[in-house]
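Observations on the model geometry
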Amino acid sequence: MLAIKQTLYRTGDDKRLLGALRTAAENGKQVVALIELKARFDEQRNISWARQLERAGAHVVYGVSGLKVHGKVALVVRREGGRLRSYVHIGTGNYNAKTARLYTDLSLLSAREDLGDDVARLFNHLTGYSEAEYRSLLVAPDTARSGLVACLERMAESVKAGQHAWARIKINQLTDPAMIEALYAASSAGVKIDLMIRGVCCLRPGVPGLSENIRVHSLLGRYLEHARIYSFGHGDGRAPDQVQVYIGSADWMSRNLDRRVEVLAPVQDARHQQGLLDLVATEWADTRGSWELGPDGVYRKLQGDLSAQSSFMEARSRS
């Protein structure tokens, strides 16, 4: 390994990750740690981590002026067979051992060159070396909002062209006015939209002439639903360019899209795309812990005993 670069937001008190980064720095590897000092409840712990890493020789960056770094990203550069190869990890949850046992999250580990190049550009930008343009990633506050709106607009154009189109979004919060307006516009154009929103939702689904094509569920369970999935499809969904799926760290809130560094990564492998779509479908079918938001703004408990989280745990125990 030649280099490792990582964002650290909510670090927790498990010292294994700190130990690995410190050992790498002490062994002469290039270690860059972007530590967010404004992580609520973890400020003091993050300061302590930063000091230890600096003493070991790591390059520590204390966030970005005016922005909170909320994206969960790691980059490892290795020399393999005489050439450099990059491995990237992009997640929806923090590098925190405690919350990893309590939250449901998703991670993408990839050696794709386009993602590696984008993440390298991201770290160069965050450490002040250069501006960045991205080929594959959607990064707030630069391109995440416009990229997500463009996805919804493409679905609306597909409906106008006579095709079936849909969007299935799983996030924690939906409060941003512009994103709500984009969802209303897509619904009015005929796009079928399912929203899995665990917490606050400022959109009214099922309103005639405005949001009749939008449904909203909130899922609660043994584990805190924390993953974010943004998926869009049109036509029969069989061609590679007919389905787009992203995972990332951003809820659809103004603070996330405008005042934080958030990273959304495309999932391009068809098998992995289908796995995420199946996950959302299973959670949508949940009746034990799900609530449906009505056009009157009132949540109503769904009736039944189908638990998505129990289904996932049972499937995992059999594998």
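Residues numbered from 1 in each chain as written. Predicted model: local features only at pLDDT ≥ 70, side-chain atom pairs only at ≥ 80, totals over all residues. Heavy atoms only, no water.

**A word on helix α2 (residues 43–56)**
Think of an α-helix as turning once every 3.6 residues; residues three or four places apart then point the same way. Here α2 spans 20 Å end to end across 14 residues, near enough to the 20 Å set by a 1.5 Å rise per residue. What α2 keeps buried is the set N46, W49, A50, L53 and A56. Looking straight down α2, one finds that the buried residues subtend no more than 125° of arc, so they occupy a single side. The exposed set on the far side of α2, more than 90 degrees from its buried face, consists of Q44, R51 and R55. Check the buried side of α2 and you find it contacts β1 (3–8), α1 (16–26), β2 (30–35) and β3 (59–61). (Helix = DSSP H or I, 4+ residues; strand = E, 2+ residues; numbered from the N terminus. Expected span 1.5 Å × (residues − 1). Buried < 20%, exposed > 50% of the residue type's maximum accessible area, 1.4 Å probe, protein only. Arc of directions from axis to C-beta. Contact = heavy atoms within 4.5 Å.)

**Observations regarding the pairing of β1**
By the criterion of burial, β1 is predominantly enclosed, with 6 of the 6 residues buried. Here β1 shows no split at all, with A3, K5 and T7 on one side and I4, Q6 and L8 on the other all buried. Bridge count for β1 against strand β5 (residues 72–80) is 4 bridges, and the pairing is antiparallel. Bridge pairing in β5 links I4 to V76. In terms of strand pairing, β1 meets β2 through 6 bridges, oriented parallel. Across the sheet, residue Q6 finds its bridge partner in β2, namely A33. On the question of chirality, the crossover connecting β1 to the parallel β2 by way of α1 is right-handed. (Pairing = 2+ DSSP bridges. Right-handed = clockwise from strand over helix to strand, strands pointing away.)

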